[in-house]
Amino acid sequence: MKTFDKITHGLSEAEREIMQVMWETGEPMTASQLLSEFEDSKGWKPQTLNTFLTRLVSKGYLESRKRGNANIYSTLISKSEFESQEASEFLEKNYGGSAKRLIAALVDGGAMSEEELKELKQWFNER
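Rules of the game
- Residues numbered from 1 in each chain as written.
- Predicted model: local features only at pLDDT ≥ 70, side-chain atom pairs only at ≥ 80, totals over all residues.
- Heavy atoms only, no water.
- Helix = DSSP H or I, 4+ residues; strand = E, 2+ residues; numbered from the N terminus.
- Rg over C-alpha atoms; globule rule 2.2 N^0.38 Å.
- Buried < 20%, exposed > 50% of the residue type's maximum accessible area, 1.4 Å probe, protein only.
- Contact = heavy atoms within 4.5 Å.
- Areas by Shrake-Rupley, 256 points an atom, 1.4 Å probe, with all protein chains shown as cover.
- Pairing = 2+ DSSP bridges.
- Salt bridge = Lys/Arg side-chain N within 4 Å of Asp/Glu carboxyl O.
- Phe/Tyr/Trp six-rings, centres within 6.5 Å; stacked < 30°, edge-to-face > 60°.

### Some remarks on the overall build of the protein
Argument step 1. Scanning the protein from N- to C-terminus turns up six helices and three strands.
Argument step 2. Listing the helices and strands of the protein from first to last along the sequence gives α-β-α-α-β-β-α-α-α.
Argument step 3. The C-alpha atoms of the protein give a radius of gyration of 19 Å, which is well past the 14 Å a tight globule of 127 residues would have.
Argument step 4. By the burial criterion, 28% of the 127 residues in the protein qualify as buried.
Argument step 5. Sequence separation of at least 24 residues holds for 53% of the intrachain contacts in the protein that already meet a minimum separation of 6.
Argument step 6. Of the roughly 8500 Å² of accessible surface on the protein, a fraction of 48% belongs to carbon and sulfur atoms.

### So, the sheet that holds strand 1 (residues 29-30)
Argument step 1. One open sheet holds the three strands; their spatial order is 1-3-2, and the pairing between them is antiparallel. The sheet terminates laterally at strand 1 and strand 2 (62-67), the two strands that pair on one side only.
Argument step 2. Examined bridge by bridge, strand 1 and strand 3 (residues 70-75) share two bridges and lie antiparallel to one another. Bridge pairing links M29 to Y73 in strand 3.

### Description of the pattern of salt bridges
Argument step 1. With the rule as written, the count across this model stands at five salt bridges.
Argument step 2. Here K59 and E15 are joined by a salt bridge, their closest N and O atoms 2.8 Å apart. On the criterion of sequence distance, the pair formed by K59 in helix 3 (residues 46-59) and E15 in helix 1 (residues 13-25) is long-range, its members being 44 residues apart.
Argument step 3. A salt bridge links E83 to K79; the shortest N-O distance between them is 4.0 Å. Residue E83 and its partner K79 are located together in helix 4 (residues 79-95), separated by four residues, close to a single helical turn.

### Details of the packing of aromatic side chains
Each aromatic ring pair is summarised here by two numbers: the centre-to-centre distance and the angle between the ring planes.
Argument step 1. In the structure shown here, the tally under the stated rule is six aromatic pairs.
Argument step 2. Between W23 and F82 the ring centres are 5.4 Å apart and the planes differ by 40°, which places this aromatic pair in the tilted class. Of this pair, W23 sits in helix 1 while F82 sits in helix 4, and the two are 59 residues apart along the sequence.
Argument step 3. For F82, a relative accessible area of 6% puts it in the buried group.
Argument step 4. Between the aromatic rings of Y61 and F82, the centroid separation amounts to 6.1 Å while the plane-to-plane angle is 70°, which identifies the pairing as edge-to-face. Taken together, the residues span a long stretch of sequence, with Y61 in the loop between helix 3 and strand 2 and F82 in helix 4 at a distance of 21 residues.
Argument step 5. Each residue in the set W23, Y61 and F82 is aromatic and connected to the rest through ring pairs, giving one cluster.

Have a look at this one:
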């Protein structure tokens, strides 16, 4: 898997949905296979999907290999790596990189229950 210093941009909602399917499948997929996932639910045409796939390749999230007439797409980053990077960027952007400030905002704002706070404390103690 790639490290995030090679990732150039965040993902649009459509790009996230494509990556989600790729992560859930866990296998390389052709554009046709991906289109069958989105054609009915999104109404995407082949060119629409190809545009998103080209962007994901250029951003460093997917790689494309030619097999016969088809391009085979594979992920270059795991879902957990993506989530870690997203969390780090969110923390940096919104809380100056301070996890303590984020947790304080969640607790003080009532978004975190006492039970969740206990679980978090236990998780920290086990580390």
